[in-house]
Amino acid sequence: MRATPIVPVALVVGALLGWGSGTGLARRADPPAAEGLPGKALFAQYCAACHGAEGRGDGPSAASLPIKPWNLTEARVLGHLPDEFIRLTITKGGAAVGLSPLMPAWEAYLGQEQVADLVAYIRSLAGPRQEPREVFAGPIDPPGAPVQPILFSHLIHAGAFQISCQYCHADARRSQYAGLPSVERCMGCHKIVAAAGNPEVQKLQGYWQRREPIPWVRIYKVPEFVYFQHRGHIRAGVACQTCHGQIQQLMRVPAIEGPNRVNDLLNLVGLTPAPAPLSMGWCVECHRATNRAHGIDQPSVSAGTAAPLDCVTCHH
Ligand code: HEC
Ligand code: HEC
Ligand code: HEC
Ligand code: HEC
Ligand code: HEC
Ligand code: HEC
């Protein structure tokens, strides 16, 4: 009997999210292109004991672990993992990315090139179909993020496991605030998922047992004299990412997304750089663009789909 750990996790998450049973298990459609890669031998030597000869998370040493490695041949999970996440996990160990410390750190044993070979090999295990390299360009842990009470990774939840933003931020479409998930909502999965073997998940269970809310540090905030509602924006079809960036690729959420190279380039060629997120210019510029797109020149609050430009709608 061989356990394939990703199956129960995918099924549990899938069941909780109401995924159709047909999509609960990703089929390995293409033959792996992994054979010729130099990472293969390294993987067999250092990793297969836990991760299994084929990377399915079923190595002999994983049998007794409370938390199993994922099935790396599962395209639906691997396809959303940036190279940087895989590299960090290998060099610094699971704990550095919020995963279990049962995944050891290898930087003392493996050189940069060997790690790069392993990343390429792991990438190839789910088959050649996805080409995620160009999608995932930025750092997964940009500077400027506050230390949260639990290392909660959007990359793992909204990225790898594709949990939708509004499953957790459920108030966004109906109220001013997007809201944060309750401890109950987290525990809906974590009574089963990673229930043992990960200290970060154990912190979550601690809040649950003590019946305490998690004191998350607030990141995005406009001043008190500004009136901002999520509801209108979500209903108008503005994607979360338009305002918050590629959150599903981040291990930690920072309010300001590091030095903006695009802005530097625009400055060089004499163009005005885009205003910083959350500034008044940022709101107003998007509202202007929205109105132009709707052919509205004199927008007002009562102009239906118009994004307001009059002072009182944003400043009561
Ligand atoms: C002692 C057992 C063990 C060894 C040896 C090991 N790992 Fe892991 N690894 C784990 C466990 C357990 C996890 C799952 C952690 C979690 O989900 O919280 C993991 C997770 C990972 C992940 C993140 C995705 C996933 O499967 O959860 C990557 C990538 C990874 N390991 C790569 C490697 C590589 C490359 C090697 C060899 C250099 C290696 N591991 C060796 C136990 C091991
Ligand atoms: C729909 C199911 C689901 C919900 C809801 C959920 N999680 Fe997770 N969570 C997962 C899965 C799947 C993993 C990956 C487990 C693994 O294999 O290591 C995970 C991993 C984690 C981890 C370890 C990796 C990381 O992110 O650092 C933490 C900590 C965690 N969850 C905390 C939370 C918190 C806090 C909440 C509520 C705000 C929450 N989870 C809600 C499914 C869920
Ligand atoms: C499993 C639950 C879960 C999912 C799914 C999820 N989030 Fe979150 N989100 C959280 C938690 C918990 C926090 C607070 C901790 C933190 O900031 O990382 C948070 C914080 C945030 C913040 C910062 C809030 C602040 O304080 O200003 C933003 C913005 C955000 N999420 C956007 C998103 C977007 C966009 C998506 C979809 C791509 C998403 N979230 C998916 C649970 C989730
Ligand atoms: C039009 C831009 C915009 C869009 C679109 C947007 N947000 Fe926000 N978000 C903001 C601003 C501005 C704030 C700060 C608001 C404040 O201080 O009251 C914020 C704050 C937040 C917060 C923390 C405070 C709160 O409201 O709970 C979370 C979480 C969040 N957003 C998640 C999301 C998610 C999830 C989506 C998509 C469903 C989304 N946002 C879409 C601009 C946006
Ligand atoms: C990415 C584009 C974008 C950004 C950035 C943006 N908005 Fe909007 N906003 C819109 C659109 C589109 C509408 C029109 C909604 C509709 O059609 O009803 C809107 C409508 C509004 C409304 C009127 C409807 C309501 O929700 O009450 C207010 C007020 C508003 N925005 C405030 C703000 C503030 C304050 C900011 C900056 C903190 C901001 N917006 C940033 C796109 C944006
Ligand atoms: C679409 C929304 C929006 C509209 C319309 C808008 N503002 Fe603002 N305003 C903001 C936001 C957001 C801030 C906060 C910027 C910050 O924190 O840097 C702000 C800040 C300000 C400030 C404080 C500036 C500072 O440096 O602290 C003043 C004064 C102001 N607005 C006046 C106005 C006037 C006058 C109008 C009408 C001509 C107007 N605003 C229209 C969103 C808006």
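Located above this text is the structure these notes cover.
The structure reproduced in this document is the subject of the present report. Everything quoted here is computed from the prediction, not taken from an experiment.

What follows covers the overall build of the protein. Per the secondary structure count, the protein includes 14 helices and zero strands. Taking all 316 residues of the protein together, the buried fraction comes to 22%. If you take every contact in the protein between residues at least 6 apart in sequence, the share linking residues at least 24 apart comes to 64%.

This paragraph deals with the site of ligand 3. Near ligand 3, the surroundings consist of 21 residues, among which Cys165, Cys168, Ile219, Tyr220 and Cys240 are the closest. Within the residue set of the shell around ligand 3, elements represented by two or more residues are α6 (154-160), α7 (165-168) and α11 (240-244). When the residues that make up the shell around ligand 3 are grouped by side-chain class, the tally is 14 nonpolar, six polar and one charged.

Core analysis: the largest hydrophobic core is formed by 26 residues, its most contacted members being Leu72, Phe85, Leu118 and Leu155. It is helix α5 (residues 112-125) that contributes the most residues to this core, five residues altogether. In contact with Leu72, not counting residues within four places along its chain, are His51, Gly55, Leu78, Ile122, Leu125 and Ala126.

A separate point is helix α2 (residues 39-51). With 13 residues, α2 should reach 18 Å at 1.5 Å per residue; the first-to-last C-alpha distance of 14 Å falls well below that figure. Where α2 bends most, at Gln45, the angle is about 55°. Turning to α2, its buried residues number three or more, namely Gly39, Phe43, Cys47 and His51. Where the residues of α2 are buried, they touch α5. Once α2 ends, the next one or two residues include Gly52, with phi positive near 85°.

Quick look at the site of ligand 2 now. Among the 28 residues in the neighbourhood of ligand 2, the closest are listed as Gly98, Ser153, Cys186, Cys189 and Glu200. When contributions to the shell around ligand 2 are tallied by element, the ones reaching two or more residues are α1 (6-17), α6, α8 (183-190) and α9 (199-209). Ranked by the residues each element gives to the shell around ligand 2, the list is headed by α8, at five residues. Among the residues forming the shell around ligand 2, the class breakdown is 20 nonpolar, six polar and two charged.

Our next topic: the packing of α2 against α5. Between α2 and α5, whose axes approach to 8 Å, the crossing angle comes to 95°. In terms of axis orientation, α2 runs roughly perpendicular to α5. Residues Gly39, Lys40, Leu42 and Phe43 of α2 touch α5, and the partners they reach there are Gln114, Asp117, Leu118, Ala120 and Tyr121. When the residues that make up the contact of α2 with α5 are grouped by side-chain class, the tally is five nonpolar, two polar and two charged.

Next up on the list: the packing of helix α4 (residues 83-92) against α5. α5 packs onto α4 with a crossing angle of 125° between their chain directions and a minimal axis gap of 10 Å. Considering the angle they form, α4 stands oblique to α5. As α4 runs across α5, the sense of the crossing is right-handed. The segment α4 lies against α5, with Asp83, Ile86, Arg87, Ile90 and Thr91 engaging Val115, Leu118, Val119 and Ile122. Of the residues in the contact of α4 with α5, the class split is six nonpolar, one polar and two charged.

On to the environment of Ala306. Mapped onto the elements, Ala306 comes out in the loop between α13 (280-293) and α14 (311-314). With 17 C-beta atoms counted inside 10 Å, the residue Ala306 sits in the partly exposed group. Remark: the alpha-carbon pair of Ala306 and Ile296, spanning ten residues in sequence, is separated by 7.2 Å.

The rules behind the values
Here the residue numbers are simple positions, counted from 1 along each chain's written sequence. Whichever chain is written first is A, and whichever ligand is written first is 1; the rest continue in order. Only residues with pLDDT of 70 or above have their local features reported here, since the model is predicted, and side-chain atom pairs are shown and tallied only from 80 upward, although totals for entire chains, interfaces and linings are computed over all residues. Put simply, DSSP marks the helices as runs of H or I at least four residues long and the strands as runs of E at least two long, and each gets a number from the N terminus on. Three exposure classes are used, all based on how many other C-beta atoms lie within 10 Å of a residue's own C-beta (placed from the backbone): buried at 20 or more, exposed at 12 or fewer, and partly exposed between those limits. We call two residues in contact whenever the C-beta atoms placed from their backbones are within 7 Å. Near residues are defined by distance alone, with the backbone-placed C-beta atom required to lie within 6 Å of the molecule or strand. By the convention adopted, Pro, Cys, Tyr, Trp, Phe, Met, Ile, Leu, Val and Ala count as nonpolar, Lys, Arg, Asp and Glu as charged, and the other residues, Gly among them, as polar. The nonpolar core criterion groups buried Ala, Val, Leu, Ile, Met, Phe, Trp, Tyr and Cys residues into a set whenever they are joined through C-beta atoms within 7 Å. Each residue after the first adds 1.5 Å to the expected span of a helix. To get the bend at a residue, fit one axis to the 7 residues ending there and another to the 7 starting there, then take the angle between the axes. With axes taken as lines fitted to C-alpha atoms, and helix axes fitted only over the stretch in contact, angles between N-to-C directions fall between 0 and 180 degrees. Angle categories: roughly parallel below 35 degrees, roughly antiparallel above 145, roughly perpendicular from 65 to 115, and oblique for all the rest. With the far helix as reference, a near helix turned anticlockwise by less than a right angle produces a left-handed crossing, and one turned clockwise produces a right-handed crossing.

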